[in-house]
Amino acid sequence: MKSLRNLINIPDGKLRRSWSQLFSIVFLRASGVLVQLVVNIFLARVFGPATIGIYQLYCSWMVTIADGGGLGLPVSTMRRVSQLRATGDKGSAKALVKSTLLLTASIFLVLLALGTFFLPWVTHMFYQGYGLPIYLQLALTGSLFFALFRILLENRKAEGRPKLAVTVESLGLPVLFLVGSLVYFLNTDSPDPMVVVSIHIVVLAITAVSFFLYWLRSGTSPKQSPVPAVAQKVFQPDGYNIWGGVVANVIIINLPFYLLPLIASADSIGIFAVSYRIVAVSTTLLVVLSAWFGPRIAAAHARQESNSVRRELKQARIISTLIYLPFLLICFFFGQHILAIFGEAFSGSKNLLLILAAGQLINAATGVPGLHLNMIGKSRLELVVALCTILIGIPLCLAGGLNFGMTGLAAGFTMTITIKNVGSLLVSESLISASVKKGSTDENIPLQLQTQ
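All values reported here derive from a predicted model rather than from experimental measurement.

Chemist: I'd love a proper account of the packing of helix 13 (residues 306-341) against helix 14 (residues 350-365), names of residues and values included.
Modeler: It is the contact of helix 13 with helix 14, at a shortest axis distance of 9 Å, that shows an interaxial angle of 175 degrees. As summarised for this structure, helix 13 and helix 14 are arranged roughly antiparallel, according to the angle between their axes. The residues of helix 14 that touch helix 13, namely those facing Arg317, Ser320, Thr321, Tyr324, Leu325, Leu328, Cys331, Phe332, Gly335, Gln336 and Leu339, are Lys350, Leu353, Leu354, Ala357, Gln360, Leu361, Ala364 and Ala365.

What follows is the structure in structure tokens.
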């Protein structure tokens, strides 16, 4: 049997470094998930359901605004920087990042100015009695630093420094936020949710500025290399499809928190948010799978090996399901005990946890069909599926919430996740079937893990 090194034609030392880096990144992400879980437990037990509810609303809106105003620039910048550095043109890569940061800062300053003027009127019309204007305003402020931080992170990954980026993102931010929240708690008798959110913005701003200054001092000066016209193009040809897909998927993921203020109090939103965040721990699985299967799918597609693409997708579905099932069983048998860790106020919401966990099971069982569509240049189809899901999911969640409260909204959200993932799976499978048929091959595809 051929060795792994011979199969993939990589020198032994380089292979070891590649595996070492992969496991390091997985370990860092897993550590970050645990730290974030500790942060959530701290917020819930120390500040109560209302604070973690408001914090979740802030996070949902901040990420939505950041991705909406970001125009897909983090993803397209990472790709373009990787291409430029591969040709040795590090100066052009740095100039491109500078232009992207300047454009992003300009966009979000305009959004912040418009939001300051219009948000009080909009929230008075649609969110009366929930005190949301200030938190939406804070989300706008946080989105400025978050968007800039994302571009710097993706640039570091493109420069071959993924461990640094993952460390800062997964460990640095939550640890600093935890420390800041702890200091605030020890120095106040009546905690204010607004201050907790403000602490997160300050930590985000400090991290983004520090990371930017570190980036400026490292690497190649843009004056050392001429900047061709193509490198100055911040927007890439398929950038808008990628942008639309990112925003649509962010809206789907955060859909409950756009609607919960219409049907629930801040305390109830916090109870929902804890179950939501527990289930979100398992989504780290798909992040790791995407990092592993994405390049393999793209490479197999480039070689026009349709059977190999189908094999990779099938393996992704099986692996993600097998890894997720233990998590689901833990939620089923010990869900109430897990919720009790966050405080007594959360221990009675096991039904919410199980409903949300069921939606994640569908996500795991379908594997990575959306990633497949993006990797083979069909991001527009993924965008169409996501937009159709939003049009169906909003009335589903709203009807469930208005008629059955948080349980109904959770059920509507689970159905929405199911529609999205099954829709992407059907489109993905139809493209694979057409590709295999076009290649005139009917060979059986053995189910075995690939080593190449």
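Chemist: So what's going on with the confidence of the model for the protein chain? Residues and values would help.
Modeler: On average, residues of the protein chain score 78 in pLDDT, and 77% of them reach the 70 mark or higher. Mean pLDDT across the secondary structure elements of the protein chain bottoms out at helix 1 (residues 4-8), with 40, and peaks at helix 10 (residues 255-259), with 91. Under a pLDDT of 50 for its full length, residues 1-12 has, in the predicted model, 14 contacts with residues more than four places off or in other chains. The low-confidence segment residues 222-232 (pLDDT under 50) makes 19 contacts with residues lying over four places distant or belonging to another chain.

Chemist: Before we move on, can you summarise the packing of aromatic side chains with the specific residues and values?
Modeler: Ring pairs (aromatic) are described by centroid distance and by the angle formed between their planes. Applying the stated criterion to the full structure yields 14 aromatic pairs. When the centroid spacing of 5.0 Å and the interplanar angle of 55 degrees are considered together, the rings of tryptophan 61 and tyrosine 258 count as tilted. Note that tryptophan 61 is positioned in helix 3 (residues 49-69) and tyrosine 258 in helix 10, a separation of 197 residues in sequence. Among the aromatic side chains, those forming a connected cluster through ring pairs are Phe42, Phe47, Tyr184 and Phe185. A cation over a ring is seen here: lysine 350 above phenylalanine 332, with NZ or CZ 5.7 Å from the ring centre.

Chemist: Lay out the side chain of serine 424 in plain terms, naming residues and giving numbers.
Modeler: Mapped onto the elements, serine 424 comes out in helix 16 (residues 379-438). A relative accessible area of 1% means that serine 424 is categorised as buried. Dropping the residues within four chain positions of it, serine 424 is found in contact with Pro369, Gly370, Leu373, Glu382 and Val385.

Chemist: I'd like a description of the packing of helix 11 (residues 266-280) against helix 14, backed by residues and values.
Modeler: Two elements in contact, helix 11 and helix 14, have axes whose closest approach is 9 Å; the angle formed by their N-to-C orientations is 35 degrees. In the crossing of helix 11 with helix 14, the sense of the turn from one axis to the other is right-handed. Contact with helix 11, carried on its side by Ile271, Phe272, Ser275, Tyr276, Ile278 and Val279, involves Leu352, Leu353, Leu356, Ala357 and Gln360 of helix 14 and no other residues of that element. Of the residues assigned to the contact of helix 11 with helix 14, the class counts are nine nonpolar, two polar and no charged.

The rules we used
- Residues numbered from 1 in each chain as written.
- Predicted model: local features only at pLDDT ≥ 70, side-chain atom pairs only at ≥ 80, totals over all residues.
- Heavy atoms only, no water.
- Axes fitted to C-alpha atoms, helices over the stretch in contact; angles between N-to-C directions.
- Helix = DSSP H or I, 4+ residues; strand = E, 2+ residues; numbered from the N terminus.
- Parallel < 35°, antiparallel > 145°, perpendicular 65-115°, else oblique.
- Contact = heavy atoms within 4.5 Å.
- pLDDT = per-residue confidence, 0-100.
- Phe/Tyr/Trp six-rings, centres within 6.5 Å; stacked < 30°, edge-to-face > 60°.
- Lys NZ or Arg CZ within 6 Å of the ring centre and 35° of its normal.
- Buried < 20%, exposed > 50% of the residue type's maximum accessible area, 1.4 Å probe, protein only.
- Left-handed = near helix turned anticlockwise from the far one by under 90°.
- Nonpolar A, V, L, I, M, F, W, Y, C, P; charged D, E, K, R; others polar.

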